[in-house]
Amino acid sequence: MVSVLEVIKSRGLYFIDSRTTSRTVAYDAARALGVPSAARSVFLDQPPGADTVRARLEELFRIARTAGTAVAIGHARPETVEALRAGLALADRRGVRLVFASEIVR
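Fair warning: this is a prediction, and the values are worked out from it, not measured in the lab.

A. Examining the overall build of the chain more closely. Helices and strands together make up the secondary structure of the chain, namely 5 helices and 4 strands. The order of helices and strands in the chain, counted from the N terminus, is α-β-α-β-β-α-β-α-α. Its C-alpha atoms put the chain at 40 × 25 × 25 Å along the principal axes. Buried positions account for 30% of the 106 residues belonging to the chain. Intrachain contacts of the chain at a sequence separation of at least 6 include 57% that bridge at least 24 residues. Counting every atom, the chain has about 6700 Å² of accessible surface; 53% of that belongs to carbon and sulfur. Between the averaged position of the 16 positive side-chain charges in the chain and that of its 11 negative side-chain charges there is a distance of 3 Å.

B. Looking closely at the environment of Val42. Residue position: Val42 is located in strand S3 (residues 42-43). Considered as a pair, Val42 and Ser10 are 32 residues apart in the sequence and their alpha carbons are 28 Å apart.

C. Examining the packing of helix H3 (residues 50-67) against helix H4 (residues 78-87) more closely. Close contact between H3 and H4 brings their axes to 9 Å; oriented N to C, the two are set at 45°. Judged by the angle between their axes, H3 and H4 are oblique. Crossing handedness for the pair H3 and H4: right-handed. Along its contact with H3, which presents Ala50, Val53, Leu57 and Phe61, the element H4 presents Thr80, Ala83, Leu84 and Gly87. Partitioned by chemical class, the residues of the contact of H3 with H4 number 6 nonpolar, 2 polar and no charged.

D. Here's a closer look at the side chain of Asp45. Mapped onto the elements of the fold, Asp45 is located in the loop between S3 and H3. Within the structure, the side chain of Asp45 is placed 2.9 Å from the backbone nitrogen of His75, a separation counted as a polar contact. In this view, Asp45 contacts Thr52, Val53, Gly74, His75, Arg77 and Thr80; residues no more than four positions away in its chain are not counted.

E. Just the nonpolar core, in detail. Counting residues in hydrophobic clusters, the biggest one holds 12 residues: Val42, Leu44, Val53, Leu57, Leu60, Phe61, Ala64, Ala70, Ala83, Leu90, Ala91 and Val96. Within the residue set of this core, elements represented by two or more residues are H3 and helix H5 (89-93). With 5 residues, the single largest contributor to this core is H3. In this structure Ala91 touches Phe61, Val96 and Leu98, once residues within four positions along its chain are discounted. Of all hydrophobic cores here, the second largest spans 7 residues; its members include Leu5, Ile8, Ala29 and Val35.

F. Looking closely at the environment of Val105. On the secondary structure map, Val105 appears in the segment after H5. Separated by 103 residues in the primary sequence, Val105 and Val2 have C-alpha atoms spaced 18 Å apart. Residues contacting Val105, with those up to four places away along its chain left out, are Tyr14, Phe15, Ile16, Pro36, Ser37 and Ala38.

Calculation notes
Residues numbered from 1 in each chain as written. Predicted model: local features only at pLDDT ≥ 70, side-chain atom pairs only at ≥ 80, totals over all residues. Heavy atoms only, no water. Helix = DSSP H or I, 4+ residues; strand = E, 2+ residues; numbered from the N terminus. Buried < 20%, exposed > 50% of the residue type's maximum accessible area, 1.4 Å probe, protein only. Contact = heavy atoms within 4.5 Å. Areas by Shrake-Rupley, 256 points an atom, 1.4 Å probe, with all protein chains shown as cover. Lys, Arg positive; Asp, Glu negative; His and termini not counted. Charge placed at Lys NZ, Arg CZ, Asp CG, Glu CD. Axes fitted to C-alpha atoms, helices over the stretch in contact; angles between N-to-C directions. Parallel < 35°, antiparallel > 145°, perpendicular 65-115°, else oblique. Left-handed = near helix turned anticlockwise from the far one by under 90°. Nonpolar A, V, L, I, M, F, W, Y, C, P; charged D, E, K, R; others polar. Polar contact = N/O pair within 3.5 Å; in protein donor to acceptor, adjacent residues only side chain to side chain. Core = buried A, V, L, I, M, F, W, Y, C linked by side-chain atoms within 4.5 Å.

Structural data, given as structure tokens:
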């Protein structure tokens, strides 16, 4: 992981830890190396489906309001994209501002 993170750092990139395992060390390693980074708060489409994405967006917005920021990841599946299109208008109503990940990595 360190080798990958060193390349990321040398290219001026940032790292988002998808946290697909509870034993991940990637975020901590990135922080230790000074790589701008963040960790996933919500996985939008696990399991796949529009209802899941809508529920996860609500969860994302709650976390963002409480913690100040939140990161969502998902797959480029047609049903995920469509649910996002429909659900993103909720952000404004929930008092959440959507930004690119590059704006919140530290």
